[in-house]
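Observations on the three-dimensional arrangement
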Amino acid sequence: MDDIVKKLAGLGLPGVILVILTVTTGGSSAAVAATLTALGGPFGIVGGIALLGLVTVVGDTVAGYGIEAILKGIYTERSKTESVIFLFKEIQGLPITEELKYRYGLLGATTFEQLGSYFPQATTELCDGADGIVFGA
């Protein structure tokens with residue numbers, strides 16, 4: 001998975017879009033090629049056709065690891081060379097479910113009233129497995 005993640009991360013946002021397109025079209029190479037052509041990349045249809053092989057690899061990788069693991073790997077790789085704030089804004093605009101963008105944990109007085117703990121174990125585990133934590137009150 002590391003090799004494909006590095007290749008997709010190297011493409012930047014188009015790599016992320018390629019992953020999402022592959023998943024949403026069920027791996028349909030024709031749909032992905034048509035979309036890539038419509039996006040009008042510098043190579044048009046030739047670029048779209050060249051990426052058909054990558055679509056197969058992406059589809060197989062997503063099937064093996066899941067879209068969450070692939071997107072997390074891509075953004076982890078990209079965060080080495082790009083602004084995390086920029087990437088965070090980019091993620092907010094992606095056409096994916098909120099569950100893939102964010103994980104929410106319970107915390108505070110209301111949580112204590114409901115569960116008897118201000119900082120429940122489930123929230124601790126969620127934070128331990130997170131790449132970043134945003135606390136809002």
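Now for a quick tour of the structure. Owing to the predicted nature of the structure, the values given are computational and were not obtained by experimental measurement.

A closer look at the overall build of the protein chain
A tally of helices and strands in the protein chain yields 10 helices and 0 strands. Secondary structure of the protein chain in N-to-C order comes out as α-α-α-α-α-α-α-α-α-α. Relative to all contacts within the protein chain whose residues are 6 or more apart in sequence, the contacts with residues 24 or more apart total 53%. Working note: accessible area of the protein chain is about 8600 Å², and carbon and sulfur atoms make up 62% of it.

With respect to the packing of aromatic side chains
Under the criterion given, the structure shown has 1 aromatic pair. Each ring, one from F112 and one from Y118, has its centre 4.4 Å from the other, and the planes form 15°; the classification is stacked.

Structural notes on the layout of surface pockets
By volume, the largest pocket is sized at about 1300 Å³. Residue lining of the largest pocket: 34 residues in total, with K101, Y102, A130, D131 and G132 positioned closest to the centre. If you list the elements that add at least two residues to the lining of the largest pocket, you get helix 6 (67-78), helix 7 (84-92), helix 8 (98-101) and helix 10 (121-128). Looking at the lining of the largest pocket, its residues break down into 21 nonpolar, 7 polar and 6 charged.

A few points about the environment of A122
In this fold, A122 is placed in helix 10. Taking the relative accessible area as the measure of exposure, A122 reaches 58% and is therefore exposed. Linking A122 and G105, residues 17 residues apart in sequence, is a C-alpha distance of 7.4 Å.

Some remarks on a nonpolar patch on the surface
A cluster of nonpolar residues, L107, F112, Y118, F119 and F135, forms a patch on the protein surface that exposes about 540 Å² of accessible area. Counting through the fold element by element, F119 comes out in the loop between helix 9 (109-115) and helix 10.

So, the nonpolar core
The biggest cluster of nonpolar side chains holds 18 residues, and the ones touching the most others in it are L8, V16, V19, V58 and I74. Taken together, the elements giving at least two residues each to this core come down to helix 1 (2-11), helix 2 (13-24), helix 5 (52-65) and helix 6. The element that contributes the greatest number of residues to this core is helix 6, accounting for 5 residues.

Here's the deal with the environment of Y75
Considering the arrangement of structural elements, one finds Y75 in helix 6. Distance from Y75 to F88, taken between C-alpha atoms, is 9.2 Å for residues 13 residues apart in sequence. Contacts of Y75, omitting those with residues within four sequence positions, involve L13, V16, L87, E90, I91 and L94.

Calculation notes
Residues numbered from 1 in each chain as written. Predicted model: local features only at pLDDT ≥ 70, side-chain atom pairs only at ≥ 80, totals over all residues. Heavy atoms only, no water. Helix = DSSP H or I, 4+ residues; strand = E, 2+ residues; numbered from the N terminus. Contact = heavy atoms within 4.5 Å. Areas by Shrake-Rupley, 256 points an atom, 1.4 Å probe, with all protein chains shown as cover. Phe/Tyr/Trp six-rings, centres within 6.5 Å; stacked < 30°, edge-to-face > 60°. 1 Å grid on protein atoms, 1.4 Å probe; cavity = no way out; pocket = protein on both sides within 12 Å on 5 of 7 lines; lining within 4 Å. Points joined across faces, edges and corners; volume = space filled by probe spheres on them. Nonpolar A, V, L, I, M, F, W, Y, C, P; charged D, E, K, R; others polar. Buried < 20%, exposed > 50% of the residue type's maximum accessible area, 1.4 Å probe, protein only. Patch = residues over 30% accessible without salt bridge, like charges linked within 9 Å, V, L, I, M, F, W, Y side chains within 5 Å. Salt bridge = Lys/Arg side-chain N within 4 Å of Asp/Glu carboxyl O. Core = buried A, V, L, I, M, F, W, Y, C linked by side-chain atoms within 4.5 Å.

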